[in-house]
Amino acid sequence: MDQADRLAVYKALGDDTRFALYAELRASPVPLSTSDLAERMALHPNTVRPHLERMREAGLLEVEMDSRGTVGRPQHRYRPTPGAPGVDLDPPSYQLLAELLAQLAGARSPRGGLDPEAVAAVGRTEGRRLAASQRSGRGRGARPACVEALRAAMERLGFEPILGAPVGARVEMLFANCPFRDLAEAHPDVVCHLHRGIVEGVAELVGNGRVVEFATLEDNRPCRAEVVEAVR
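Residues numbered from 1 in each chain as written. Predicted model: local features only at pLDDT ≥ 70, side-chain atom pairs only at ≥ 80, totals over all residues. Heavy atoms only, no water.

Asks: Before we go on, may I ask you to explain the packing of aromatic side chains in this structure?
Replies: The geometry of an aromatic ring pair is captured by the separation of the ring centres together with the interplanar angle, meaning the angle of the planes. Per the counting criterion, the structure on display carries three aromatic pairs. A ring pair is formed by F159 and F180, whose centres lie 5.8 Å apart and whose planes are at 70°; its orientation type is edge-to-face. Of this pair, F159 sits in the loop between α7 (146-157) and β4 (161-163) while F180 sits in the loop between β5 (170-175) and α8 (181-186), and the two are 21 residues apart along the sequence. F180 sits in the partly exposed class, given a relative accessible area of 39%. Look at F175 and F214: their rings are 6.2 Å apart centre to centre, the planes differ by 40°, and that puts the pair in the tilted class. Note that F175 is positioned in strand β5 and F214 in strand β6 (residues 210-215), a separation of 39 residues in sequence. In this structure, F175 and F214 share a single accessibility class: buried. (Phe/Tyr/Trp six-rings, centres within 6.5 Å; stacked < 30°, edge-to-face > 60°. Helix = DSSP H or I, 4+ residues; strand = E, 2+ residues; numbered from the N terminus. Buried < 20%, exposed > 50% of the residue type's maximum accessible area, 1.4 Å probe, protein only.)

So, in structure tokens, the structure goes:
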């Protein structure tokens, strides 16, 4: 970031309300609309909107149009631009660390390179942890079906899951958003197989489900999973 850009960022975040809105967007795994932010911050949408536009003009935010499930004009949804600074204005060190770790994991070795199943195994461990945390505090008989648990976990992580109509025991789940999109495009062999493992881990732990198909960026198809629920 050069001096002119840095000055624009400082000016944009010099207002307390704008700084609070930016912090809320940095903490969110999914893009947020003006009304989302207004509700979270107890502000009127007309107060929030110009602050968001000011930050967009400074290069801190990007906007996308979302017409799904709404009537009338599409909603604007905001998220930090790739590489935008953290709320402490330090360099985005976690993003840099994630990039370097993805490069390290994907580095080819003389023996043939990365084993996708080894990557997925790491994801499965995290998927089981997520599923267990979702179940905590529930009664023994209140455990959700694997597809519903998977939908909740993917929504929590920001993948914006969309469920298709069941075909027999199989349910298709599309992922409308990838919260790791920049890393996934650069290192699909690492990030996409971690995602696959997380999906498998959640499905296996809750309801003994199985992921019978998983399409990643490498497949040149919409990111999606097909899950089969265990017959009880």
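Asks: It is not clear to me how the sheet that holds strand β1 (residues 32-33) should be interpreted in this structure. Could you clarify?
Replies: In a beta sheet, neighbouring strands pair by backbone hydrogen bonds and run either parallel or antiparallel. With antiparallel pairing, the three strands of this open sheet are ordered in space as β1-β3-β2. Strands with a single pairing partner mark the edges of an open sheet, and in this sheet they are β1 and β2 (61-66). Alignment of β2 against strand β3 (residues 75-80), held across six bridges, turns out to be antiparallel. Bridging from a neighbouring strand, E62 pairs with R79 of β3. (Pairing = 2+ DSSP bridges.)

Asks: Just to check I follow, could you spell out the packing of helix α2 (residues 16-27) against helix α4 (residues 45-57) for this structure?
Replies: Contact geometry of α2 with α4 gives a least axis separation of 10 Å together with a crossing angle of 75°. Classed by the angle they form, the pair α2 and α4 counts as roughly perpendicular. Contacts from T17, R18, L21, Y22 and L25 of α2 reach α4 at V48, H51, L52, R54 and M55. Tallied by class, residues from the contact of α2 with α4 come to six nonpolar, two polar and two charged. (Axes fitted to C-alpha atoms, helices over the stretch in contact; angles between N-to-C directions. Parallel < 35°, antiparallel > 145°, perpendicular 65-115°, else oblique. Contact = heavy atoms within 4.5 Å. Nonpolar A, V, L, I, M, F, W, Y, C, P; charged D, E, K, R; others polar.)

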